[in-house]
Amino acid sequence: MTSAAELSASSNSTLELENITQDLQSLVENDPLKIAQGVYVTVHGHFYQPPRENPYLDAIERQPSASPFHDWNERIHWECYRPNAFARVLNDKGELLGIVNNYEYMSFNIGPTLMSWLERYDSSVYERIIEADINSSRRLNGHGNAIAQVYNHIIMPLANERDKYTQIRWGKADFKSRFGRDPEGIWLAETAVDYATVKTLIAEGISFIILAPSQAQRCRPLPTEDDPQPEWHEVGGSQIDPTRPYRCYLKPTLNSTSSPLSLIKTTSTTTEELPYIDIFFYDGPISRDMGFSDVVYSSDHFAGRVGAAIRGDHRPSQLISVATDGETFGHHKKGTEKTIAYAFIGEFPRHGWTVTNFAHYLSLNPPTWEVELKPVTAWSCAHGVDRWQDDCGCGGEGGVWHQKWRRPLRDALNWLRDQLIAVYEEFGGKLFTDPWLARDEYIEILRDRSAANVTRFLERHQTHQLTDTEQVDALRLLEMQRHSLFMFTSCGWFFEELSRPEGTQILRYASRALELAGDVAGVQLEKDFLQLLSLAPSNVETFQHGAEVYRQLVLTAQIGFKQVAAHYAINSLFENSSNNFSTQDRSGDLDNYQKRVYCYTANELDYQMQRMGALTMVVGHLKLVSEITWESENFVFAVLHLGGWDFHCCIQPFTGRRDYSQLKEKLFTSLQQASAAHAILVMTQIFGDEAFSLQNLFAEERHRIMGLLSQETLNRLDQLYTQAYRENYGVIMAFHRDGLTVPQELQVAAEIALGYRCMTTLRSLEQDIDEIQLSWNYILELEAIATEAKHLRCQLNIPEGKEILEQLVIKLLWQLLHDDHGSFAKDIQRLEKLIDVAYQLNLGISLDQAQELYFSRLHSQIAPSCLKNISSSTESLKCRQWLKLGQKLAVDVNMILEKLS
């Protein structure tokens, strides 16, 4: 029997549970992340770079226009992609208050080809992007900030149906392999859309897309029982309300040849029965101002523009969304990654606005309005999609150049695509059970080219057990299709001239596709392709038309196995540049000589070097294997280095060990005469007239070897300048004392001499950084150099020295944070001194990465340790040293200092 006390206790527990439930319900009802209420803000960044890889090397070559960076991807990375992953929030003294991962707060898409590059180039930024999606998903009820992108940025309305599907499927698969989830939305290249594209998106399970307000034709509230035929509102002049999502139905059509809008049939079919996709239209005026005015240079100004877009009609919730190229933040508009970082964590919350993404808002606010689109549109062309197929004027604004080349270029590539389809279906049908399914799933290999993964792929798709030759053909066909897709990358048409790098790049993809088709099927399509290209007039007199662009800029850049072999052969002379032996034979140790040359594996099967006076000759047997198509070639190579810049390299196929042995004997016998002319004559008799020189090397290695060859001369010059500087030091100082201009020859001598001395000291410091006393001496020497340079008004130009200093600061800081040793006081003083000297040398040093490392440990390691051991005088001193270092790295540590006071 239950007592009164037990009943009372039970009643109280029930009451408490009801109170807790009510409190939780109240919290949910007042949480804009759970229930749609108030103002929501979404900033979408479209991060994208066109594929820049050499189609033959699968690597980006040096681009001088991006100097001082290696290429434009690298330059934009340091100006935009990395700063947005580590966006600074500063106080009024310029000290670091916080680091914001902007990707955690903005909606974004990053082109798959760009993400592949980021993954290889800077894994820390790549991981921050993945982490941002995970964190935003946790914050926004399972809806991450990242959305997918059609794979290589083709204009979808201009693609055939099969290419549309592959672009979406590759984009989805690449996205899932990185973010671990299916994408809810997808970014269309240039937001280009038509109803055929909508149909494909719906079929592929895409929930929503983002478009410009100018792409809507008309809209209306969704039909209800009370209002089954709501009135349509014409919004073709960008009047659509962008604060709500819309539903776009794929309606029945009259026939397959009508234009998209004319196909829409007014029937009794209810909209609930029709397939659909949801669409967000970004705020056009704000988005335009973000790209073309100063609105994003001030977070307060930016918030003001967002606030002005809020509708005052007392609706329960509304979304202010803006969209622009992600590169706006930091690359196009320097420092603006800081603006949006503070807007996300400061300005927007201060106004009571909720920072969200499209998928999250859609989950809270399903569309209550329907929209119909204009037939064919894009955000960067006022003429539908003519910017990518016609002389519409877009892209050439204010210039005198025409774009009459666009239509013939599009026609030529469409023709080539159709020819390649025929090749693929005929020869792919013999190798793949379903050639087009194999193409759609080829993305699995693009993400992982390991032999095991490729083998699994081929086994899954093959019609029978493929021979080695058939495997090569299968991979060639798939690569042919990849390049067939890449040749339609939108950037090729975007600008005013065909011969620009973007146009040349898509023609290089076309060229590679042509080669692969010829390798598999023996077809010769290039002649007809060039005839079509000749109809594309160039604005540049040198080229006249597209066929000449192809001949001068594309054919000259083609690379075959012979060029790769020649590159390997000449480069091998410098692998052991410090080896002074007159003879070198690696034939007994060949297992150690497998080397990667871009996307080729080089297996050195024999190698022998001999020197005779100033002449050096190497002879070798090399097997090259393409990591992409698995095709391979065996070559014999011989290189004669005549000294300096002169090389004579010959290549021929390997025809057997006996022939190779005789060839090697003849070549080394010819070298014994110590006559370059005789050695070259014998090489010509054996190999024929074709020869390769330093100029035939790939640019990256050519530049490295040029540096090595010129180093001895530069060292002599450095010594001569140093002697001239020392002998005339007093004269230079006298000019400075009297306020006279130092003769240019003497000033240059001073700058070169001090730069040489600085680099010598830095290299010694780098080598002996773990020796405290020795490294102190080098730091003091650098300080003396900095003082001398200041007195003489010398600007040291040593980019390598800047990089060494930055890495040394990071290394010493890392050791301080991770090594528990007894020399902390000396080590931190040494680091502080190095930072001071780095600034005194005036090399433009950046301590951003050191600052990020320090800040990452400030609140998790440094501050807790300081506050925990506040009573210990020894630990208190250590803490103050840590905080002093923070001040030197421009980190705001005032709050911690105040607690210690």
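Residues numbered from 1 in each chain as written. Predicted model: local features only at pLDDT ≥ 70, side-chain atom pairs only at ≥ 80, totals over all residues. Heavy atoms only, no water.

For the protein, the helix and strand inventory stands at 31 helices and 20 strands. Taken along the three principal axes of its C-alpha coordinates, the protein extends 105 × 80 × 75 Å. Looking at the protein as a whole, 53% of its 901 residues are labelled buried. Contacts in the protein between residues at least 24 apart in sequence constitute 70% of all its contacts with a sequence separation of at least 6. Accessible surface, the protein as shown: approximately 40200 Å² in total, 49% of it carbon and sulfur. Taking the average place of the 84 positive charges on the side chains of the protein and the average place of its 117 negative ones, the gap between the two points comes to 2 Å. (Helix = DSSP H or I, 4+ residues; strand = E, 2+ residues; numbered from the N terminus. Buried < 20%, exposed > 50% of the residue type's maximum accessible area, 1.4 Å probe, protein only. Contact = heavy atoms within 4.5 Å. Areas by Shrake-Rupley, 256 points an atom, 1.4 Å probe, with all protein chains shown as cover. Lys, Arg positive; Asp, Glu negative; His and termini not counted. Charge placed at Lys NZ, Arg CZ, Asp CG, Glu CD.)

What follows covers the packing of aromatic side chains. Tallied over the entire structure, the rule returns 37 aromatic pairs. Ring geometry for Phe 348 against Trp 353: centres 5.8 Å apart, planes inclined by 45 degrees, an arrangement best described as tilted. For the pair Phe 348 and Trp 353, one class covers both residues: buried. Here Phe 824 and Trp 882 contribute two aromatic rings whose centre-to-centre distance is 5.5 Å and whose plane-to-plane angle is 45 degrees, an arrangement assigned as tilted. With Phe 824 in helix 28 (residues 824-840) and Trp 882 in helix 30 (residues 873-888), this residue pair connects regions lying 58 residues apart in the sequence. By relative accessible area, Phe 824 is classed as buried at 10%. By relative accessible area, which is 7% here, Trp 882 ends up buried. Through pairs of rings, three or more aromatic residues link up here, namely Phe 47, Tyr 81, Tyr 103, Phe 108, Phe 175 and Phe 179. Over the ring of Phe 486 we find Arg 482; its NZ or CZ atom is 5.3 Å from the centre of that ring. (Phe/Tyr/Trp six-rings, centres within 6.5 Å; stacked < 30°, edge-to-face > 60°. Lys NZ or Arg CZ within 6 Å of the ring centre and 35° of its normal.)

Below, the discussion takes up the confidence of the model for the protein. On average, residues of the protein score 91 in pLDDT, and 92% of them reach the 70 mark or higher. Note on residues 1-10: pLDDT is under 50 here. Beyond four places in sequence and across chains, it has 2 contacts. Between residues 254-269, whose pLDDT stays under 50, and residues either more than four places distant or in other chains, the model counts 21 contacts. (pLDDT = per-residue confidence, 0-100.)

All right, on to the environment of Glu 327 then. Mapped onto the elements of the fold, Glu 327 is located in the loop between strand 12 (317-325) and helix 9 (336-350). A relative accessible area of 4% means that Glu 327 is categorised as buried. When the C-alpha atoms of Glu 327 and Val 748 are compared, they prove to be 39 Å apart, with 421 residues separating the residues in sequence. Not counting chain neighbours up to four residues away, the residues in contact with Glu 327 comprise His 46, Phe 47, Tyr 48, Gln 49, Ile 76, Cys 80, Tyr 81 and His 332.

A few words on the nonpolar core. Phe 302, Phe 348 and Phe 529 are the most contacted members of the largest nonpolar core, which totals 136 residues. Beyond its immediate chain neighbours, meaning those up to four positions away, Phe 302 contacts Val 43, Ile 286, Met 290, Val 295, Val 322, Ile 340, Ala 343 and Phe 348. Counting 61 residues, the second largest nonpolar core, distinct from the first, contains Met 733, Ala 750, Ala 786 and Val 809. (Core = buried A, V, L, I, M, F, W, Y, C linked by side-chain atoms within 4.5 Å.)

So, about helix 28. For helix 28, with 17 residues, the first-to-last C-alpha span of 24 Å sits near the 24 Å given by 1.5 Å per residue. Of the residues making up helix 28, those classed as buried are Phe 824, Asp 827, Ile 828, Arg 830, Leu 831, Glu 832, Leu 834, Ile 835, Val 837 and Ala 838. Trailing helix 28 by a residue or two, Asn 842 shows a phi angle of about 60 degrees, which is positive. (Expected span 1.5 Å × (residues − 1).)

The linkage connecting Ser 67 with the following residue, Pro 68, adopts the cis geometry, with an omega of 10 degrees. Residue position: Pro 68 is located in the loop between strand 1 (38-47) and helix 2 (72-85). In this model, His 153 sits at a positive phi of 65 degrees, which is unusual for a non-glycine residue. Here His 153 shows up in the loop between strand 5 (148-149) and helix 5 (161-179). His 153 gets classed as buried once you look at its relative accessible area, which sits at 1%. Look at Ala 674: it is not a glycine, yet its phi comes out positive at around 55 degrees. Here Ala 674 lies in the loop between helix 21 (657-671) and helix 22 (676-687).

As a further point, take the sheet that holds strand 11 (residues 276-281). Pairing within the open sheet is mixed, and its 6 strands lie in the order 7-11-10-14-8-9. Both outer strands of the open sheet, strand 7 (208-211) and strand 9 (233-234), are each paired with one neighbouring strand and no more. Judged from the 2 bridges that link them, strand 10 (residues 246-249) and strand 14 (residues 369-373) form a sheet pairing that is parallel. Within the sheet, the bridge partner assigned to Arg 247 lies in strand 14 and is Glu 370. Contacting strand 7, strand 10, strand 11 and strand 14, helix 6 (residues 195-203) crosses the sheet at an angle of about 115 degrees to strand 11. (Pairing = 2+ DSSP bridges. Axes fitted to C-alpha atoms, helices over the stretch in contact; angles between N-to-C directions.)

A contiguous nonpolar surface patch, about 260 Å² in accessible area, is contributed by Leu 714, Leu 717 and Leu 720. Mapped onto the secondary structure, Leu 717 falls in helix 23 (residues 699-727). Residue class for Leu 717 comes out partly exposed when judged on its relative accessible area of 37%. (Patch = residues over 30% accessible without salt bridge, like charges linked within 9 Å, V, L, I, M, F, W, Y side chains within 5 Å. Salt bridge = Lys/Arg side-chain N within 4 Å of Asp/Glu carboxyl O.)

With that settled, consider the packing of helix 28 against helix 30. Two elements in contact, helix 28 and helix 30, have axes separated by 11 Å at closest approach and are oriented at 15 degrees. With respect to helix 30, the axis of helix 28 lies roughly parallel. Handedness of the helix 28/helix 30 crossing: left-handed. Only Lys 878, Gln 881, Trp 882, Lys 884, Leu 885 and Lys 888 of helix 30 make contact with helix 28, whose side of the interface consists of Phe 824, Ala 825, Ile 828, Gln 829, Leu 831, Glu 832, Ile 835 and Asp 836. (Parallel < 35°, antiparallel > 145°, perpendicular 65-115°, else oblique. Left-handed = near helix turned anticlockwise from the far one by under 90°.)

Moving on, we come to the packing of helix 15 (residues 468-486) against helix 17 (residues 501-521). Interhelical geometry of helix 15 versus helix 17 gives an angle of 155 degrees and a closest axis separation of 8 Å. In this view, helix 15 runs roughly antiparallel relative to helix 17, as classed from their interaxial angle. Relative to helix 17, helix 15 is oriented so that their crossing is left-handed. Contacts between helix 15 and helix 17 involve Asp 473, Arg 476, Leu 477, Glu 479, Met 480, His 483, Ser 484 and Phe 486 from the first element and Ile 506, Tyr 509, Arg 512, Ala 513, Leu 516, Ala 517, Asp 519 and Val 520 from the second. Taken together, the residues that form the contact of helix 15 with helix 17 break down as 9 nonpolar, 2 polar and 5 charged. (Nonpolar A, V, L, I, M, F, W, Y, C, P; charged D, E, K, R; others polar.)

This part covers the pattern of salt bridges. With the rule as written, the count across this model stands at 55 salt bridges. Among the salt bridges present, the one from Lys 176 reaches Asp 182, with a minimum N-O distance of 3.6 Å. We classify Lys 176 as partly exposed; its relative accessible area is 44%. Taking the shortest distance from any N to any O, the salt bridge between Arg 311 and Asp 241 comes out at 3.5 Å. Pair noted here: Arg 311 is in the loop between helix 8 (299-308) and strand 12 and Asp 241 is in the loop between strand 9 and strand 10, with a separation of 70 residues, a long-range link. When salt bridges that share partners are traced, they join Arg 82, Arg 88, Asp 122, Asp 848 and Glu 852 into one network.

Right, let's get into the environment of Lys 334. Relative to the helices and strands, Lys 334 is located in the loop between strand 12 and helix 9. A C-alpha to C-alpha distance of 7.5 Å links Lys 334 and Glu 79, two positions 255 residues apart in sequence.

What follows is about helix 7 (residues 284-292). Taken together, the buried positions of helix 7 are occupied by Gly 284, Ile 286, Ser 287 and Met 290. Looking at the buried side of helix 7, the elements it contacts are strand 1, helix 8 and strand 12. The opening residue of helix 7 is Asp 283, an N-cap whose side-chain oxygen sits 3.1 Å from the backbone nitrogen of Ile 286. (Polar contact = N/O pair within 3.5 Å; in protein donor to acceptor, adjacent residues only side chain to side chain.)

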